[in-house]
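Each chain, written out:
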Amino acid sequence: MRTMKRSVLSLSRATGRFTSAARVLPSFLITGAQRCGTTSLYRALAQHPLLLKPVLHKGVHYFDVAYSRGPAWYQAHFPLRVSAALLHHRYGTRAQAYESSPYYLFHPLAGERIAADLPGVKLIVLVRDPVERAVSAHAHELARGFETESHFEYAVELEATRLAGAEELLRESPFALHHSHRHHAYLARGRYADQLDRLEPLVGRERVLVLDSHRFFAEPEPVYDRVLDFLGVPHLGYPVFERHNGRALPRRVPQVLARALRDHFEAYDARLVRWLGGEPSWRR
């Protein structure tokens, strides 16, 4: 079955590359952050008839780990222009394609590539309590086999060593991959303000929407409304909101470590106020 699935995907990609010029490019991207509800938002938006997800899978990961494949490979992942035109005719509003790759926010070159290749694109970023995010990311990477250190506190201790020189390598060798930068950045990925401040001069503040994922899961309707307003898409009813990719945490974080991490993130969380329009929910 797995071999058959790979064959179907390979054939679909080949067909997509052949017809790439006849396909749309995304109007917006869900760029992260990892373990912050990106899959749940992606699937909620996919229920809107004018929002077109990739043909094959959620995250294309072109602007971070697959940039060497070229623009035709990327465009091959999206729906045909004729399909978008039919939807435009039916609803009287332009259909918009999108994808969700949560490593885009953290990769040092992704923002520059997005700005160059998709002028005018809008970006959606979800953020959550960075301590919870770090613990969730560790459990996620452990379950996927990308993490070998089973104790979260030890993985945090290792992070600086694991990530040393990673950004420099990725900038000097643009098509390089760095395992720890992608899979072991438990604290670094939670310093959201640094990543948002890097994006701002590249795409402009007005084209970035930052959402508090705790609010999205508690009251999804008003957050969904904000997203549609941001995209300029008509409201056609609410989708079914579900939580995806949740993972039970293996153990509670020791109180001393949790308190130290909250202190570590305090200054970064404070800088989110201007992006969220208020204090992050986890700091209230």
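Definitions and limits used
Residues numbered from 1 in each chain as written. Predicted model: local features only at pLDDT ≥ 70, side-chain atom pairs only at ≥ 80, totals over all residues. Heavy atoms only, no water. Core = buried A, V, L, I, M, F, W, Y, C linked by side-chain atoms within 4.5 Å. Buried < 20%, exposed > 50% of the residue type's maximum accessible area, 1.4 Å probe, protein only. Helix = DSSP H or I, 4+ residues; strand = E, 2+ residues; numbered from the N terminus. Contact = heavy atoms within 4.5 Å. UniProt positions renumbered as here; feature names shortened; annotations may be inferred. Phe/Tyr/Trp six-rings, centres within 6.5 Å; stacked < 30°, edge-to-face > 60°. Lys NZ or Arg CZ within 6 Å of the ring centre and 35° of its normal. Axes fitted to C-alpha atoms, helices over the stretch in contact; angles between N-to-C directions. Parallel < 35°, antiparallel > 145°, perpendicular 65-115°, else oblique. Left-handed = near helix turned anticlockwise from the far one by under 90°. Nonpolar A, V, L, I, M, F, W, Y, C, P; charged D, E, K, R; others polar. Pairing = 2+ DSSP bridges.

## A closer look at the nonpolar core
- Counting residues in hydrophobic clusters, the biggest one holds 55 residues, and the most contacted among them are Leu29, Leu41, Leu45, Phe63 and Tyr74.
- In terms of residue count, the dominant contributor to this core is helix H12 (residues 220-231) (6 residues).
- Once you skip the residues sitting within four places of it in the chain, Tyr74 turns out to touch Leu25, Pro26, Leu29, Val60, Tyr62, Phe63, Glu99, Tyr104 and Leu118.
- Grouped together as the second largest cluster of nonpolar side chains are 12 residues, Val131, Ala134, Ala137 and Phe152 included.

## Concerning the UniProt feature "domain: Sulfotransferase" (unreviewed entry) in the protein chain
- Within this structure's numbering, the places UniProt gives as "domain: Sulfotransferase" (unreviewed entry) are residues 27-234.
- Between the C-alpha atoms that bound residues 27-234 the distance is 15 Å, and the span itself is 49% helix and 11% strand.

## Considerations on unusual backbone geometry
- Cis peptide bonds are those with omega within 30 degrees of zero, and the linkage from Gly32 to Ala33 qualifies with 0°.
- Considering the arrangement of structural elements, one finds Ala33 in the loop between strand E1 (28-32) and helix H2 (38-45).
- Here Arg35, not a glycine, exhibits a phi torsion of approximately 60°, which is positive.
- Relative to the helices and strands, Arg35 resides in the loop between E1 and H2.
- Judged by relative accessible area, Arg35 falls into the buried class, the value being 13%.

## Remarks on the packing of aromatic side chains
- Throughout the structure, instances matching the rule amount to 15 aromatic pairs.
- Measuring from centroid to centroid gives 5.0 Å for Tyr62 and Tyr67, while their planes differ by 45°, and the two rings are tilted.
- Measuring from ring centre to ring centre gives 5.3 Å for Phe216 and Phe217, while their planes differ by 45°; the resulting arrangement is tilted.
- Residue classification places Phe216 among the buried residues on the basis of a relative accessible area of 4%.
- Judged by its relative accessible area of 26%, Phe217 falls in the partly exposed class.
- Pairwise contacts between aromatic rings join Tyr62, Phe63, Tyr67, Trp73, Tyr74, Phe78 and Tyr104 into one cluster.
- Positioned above the aromatic ring of Phe230, the side-chain terminus of Lys122 is 5.1 Å from the ring centre.

## Topic: the packing of helix H5 (residues 110-117) against helix H10 (residues 192-203)
- Packing of H5 against H10 brings their axes to within 9 Å, and their N-to-C directions diverge by 20°. As the angle between them shows, H5 and H10 are arranged roughly parallel. Considering only the axes of H5 and H10, their crossing is right-handed. In contact with Gly111, Glu112 and Ala115 of H5, H10 contributes Leu199, Leu202 and Val203.
- Across the contact of H5 with H10, the residue classes break down as 4 nonpolar, 1 polar and 1 charged.

## Notes on the pairing of strand E3 (residues 96-100)
- Among the 5 residues of E3, 5 are classified as buried, and the element is accordingly described as predominantly covered.
- Because side chains alternate across E3, one face comprises the buried residues Gln96, Tyr98 and Ser100, and the other comprises Ala97 and Glu99, equally buried.
- Summarising the sheet, E1 and E3 pair through 3 bridges and their orientation is parallel. Residue pairing for E3: Leu29 is matched across the bridge by Glu99.

## Describing the sheet that holds strand E5 (residues 208-212)
- If you trace the 5 strands from one edge of the open sheet to the other, you get E2-E3-E1-E4-E5, paired in parallel fashion. Each edge of the open sheet is held by one strand with a lone partner, namely strand E2 (51-52) and E5.
- The sheet strands contacting H10 are strand E4 (122-127) and E5, and the helix crosses E4 at an angle near 170°.

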